[in-house]
Amino acid sequence: ADAVRDRLRIAIQKSGRLGDPSRALLTACGLDWRESRDRLFCYGETLPVDLLLVRDDDIPGLLADGVCDLGIVGRNVLEEQAAEREQAGAPAVATELRALGFGGCRLDIAVPEDWDWQGPGQLRGCRIASSYPQLLRRWLAGEGIEAEVVMLSGSVEIAPRLGQADAVCDLVSSGATLAANQLKPVLTLLRSEAVLAGPVRPFTDARAGLMQTLLRRMDGVMRLRH
Ligand code: ATP
Ligand code: ZN
């Protein structure tokens, strides 16, 4: 992980919600790559900045292992990983360097539409389905609520209809998916968007300068967008 490198490696989502906007942002920063959209690795042409196209969930781990230097990932994924490391007593390895203004969503608690919502205390003793067990557990602990966390990696919003859970803790943007499953959002645990994640400790090789160049350009692009 501490090998000296003279190229910067950025992990982005291969497809999904963040793939295209991540690539577009880096292109706007003047980067380009030998075309290989279908490949895992894209070799940087104008600057020695390469891309790794991966599943978003893998990005924090790739940063932790030093396989990648920077990553563009949802704050929700980054924070879940950070909470998991904290829980395991492992040191923090990746931190949010910039918020990027796309991929906006919330991590919300949602309950069946027919519940008469009285507040968090109502979740006491409930089973809550989520793909973000660490963030949910931490919030429950902070509120002093004992509830069962049901970890599901997908299709969280149908869990109540299937009888797997009483409530959910899931990502929400428009709320249409919740409504389609007769659920209503009642609380927000985290406001999320795509972020640039990078190392806690600064680089000591050529990557330091490359990162500075990239951050300066990114700040310029972000200013123009707002
Ligand atoms: P992958 O195949 O890379 O694992 P995925 O299906 O896990 O993809 P996406 O659904 O593309 O991931 O979501 C990627 C990120 O987009 C989320 O982690 C979140 O930060 C953001 N996002 C924005 N709006 C939503 C939403 N309504 N639902 C889920 N994620 C959202
Ligand atoms: Zn994913």
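Because the structure is a prediction, the values reported are computed rather than measured. (Residues numbered from 1 in each chain as written. Chains lettered and ligands numbered in written order. Predicted model: local features only at pLDDT ≥ 70, side-chain atom pairs only at ≥ 80, totals over all residues.)

**So, the overall build of the protein chain**
Check the secondary structure of the protein chain and you find 7 helices and 11 strands. If one aligns the C-alpha atoms of the protein chain with their principal axes, the spans along those axes are about 55 × 35 × 30 Å. In the protein chain, the share of contacts with a sequence separation of at least 24, taken over all contacts with a separation of at least 6, comes to 67%. (Helix = DSSP H or I, 4+ residues; strand = E, 2+ residues; numbered from the N terminus. Contact = placed C-beta atoms within 7 Å.)

**Side note on the sheet that holds strand β8 (residues 148-151)**
Taken together, the 5 strands give an open sheet; going across it, the order is β8-β7-β9-β6-β10, and neighbouring strands pair in mixed fashion. Every interior strand has two partners, whereas the edge strands, β8 and β10 (183-192), have only one. If you compare each strand with its neighbour and ignore which way they point, the axes differ by 25° on average. Bridge analysis of strand β6 (residues 105-112) against strand β9 (residues 167-172) gives 5 bridges, and the strand direction is antiparallel. By the bridge assignment for β9, Asp-108 is matched with Asp-170. Contacts from helix α4 (residues 133-143) reach β6, β7 (127-130), β8, β9 and β10, with the element oriented near 170° to β8. (Pairing = 2+ DSSP bridges. Axes fitted to C-alpha atoms, helices over the stretch in contact; angles between N-to-C directions.)

**Details of the nonpolar core**
Counting residues in each nonpolar core, the largest one holds 32 residues, and the members touching the most others are Ile-10, Ile-72, Val-73, Leu-78, Val-195 and Ala-197. Only β1 (8-13), α1 (16-28), β3 (49-54), α2 (59-64), β4 (70-74), α3 (75-87), β11 (194-199) and α7 (207-225) provide two or more residues apiece to this core. Those residues within four positions of Val-73 in sequence are excluded, and the remaining contacts are Asp-56, Ile-59, Pro-60, Leu-78, Ala-194, Val-195 and Ala-197. In this structure, Leu-107, Val-150, Val-156 and Leu-189 belong to the second largest nonpolar core, which totals 23 residues. (Core = buried A, V, L, I, M, F, W, Y, C linked by C-beta atoms within 7 Å. Buried ≥ 20, exposed ≤ 12 C-beta atoms within 10 Å, placed from the backbone.)

**Structural notes on the domain arrangement of the protein chain**
The domain boundaries assigned to the protein chain delineate domain 1 (8-103 + 193-225) and domain 2 (105-191). Placing a centre on the C-alpha atoms of domain 1 and another on those of domain 2 gives a separation of 29 Å. Domain 1 puts 8 residues into the contact, and the matching count from domain 2 is 8 residues. (Domains from an automatic or database assignment.)

**Remarks on the site of ligand 1**
Within the structure, ligand 1 sits among 15 residues, and Gly-16, Arg-17, Gly-74, Cys-105 and Ser-173 are positioned closest to it. Going through the elements one at a time, α1 and α3 are the ones with two or more residues in the shell around ligand 1. Here the shell around ligand 1 gets 3 residues from one element, more than from any other, and that element is α1. Taken together, the residues of the shell around ligand 1 break down into 4 nonpolar, 7 polar and 4 charged. The residues that make up the shell around ligand 1 include at least three from each of domain 1 (8-103 + 193-225) and domain 2 (105-191). (Near = placed C-beta within 6 Å. Nonpolar A, V, L, I, M, F, W, Y, C, P; charged D, E, K, R; others polar.)

**A word on the sheet that holds β4**
Strand order across the open sheet formed by 6 strands is β2-β3-β1-β4-β11-β5, with mixed pairing between neighbours. In this open sheet, the two strands that pair with only one neighbour each are β2 (41-42) and β5 (94-99). Bridge count for β4 against β11 is 4 bridges, and the pairing is antiparallel. Across the sheet, residue Ile-72 finds its bridge partner in β11, namely Leu-196. In the packing of α1 onto the sheet, the strands contacted are β1, β4 and β11, and the crossing angle to β1 comes to about 140°. The sheet contacts of α3 involve β4, β5 and β11, and relative to β4 the element is tilted by about 105°.

**Focus: the environment of Leu-171**
Turning to its location among the elements, Leu-171 is positioned in strand β9. What makes Leu-171 buried here is the crowd of 21 C-beta atoms within 10 Å. Filtering out sequence-adjacent residues up to four positions away, Leu-171 remains in contact with Asn-76, Cys-105 and Leu-107.

**Let's talk about the pairing of β1**
Here is the key point about a regular strand: its side chains alternate between the two faces of the sheet. Burial analysis of β1 places 6 of its 6 residues in the buried class, which makes it a mostly covered element. A two-sided burial pattern is seen for β1, the buried positions comprising Leu-8, Ile-10 and Ile-12 on one face and Arg-9, Ala-11 and Gln-13 on the other. As paired strands, β1 and β3 are joined by 6 bridges and run parallel to one another. Each residue of the ladder has a partner; that of Gln-13, found in β3, is Val-54. Where β1 lies against β4, 2 bridges are found, and the strand directions are parallel. The residue of β4 that forms the bridge with Ala-11 is Gly-71.

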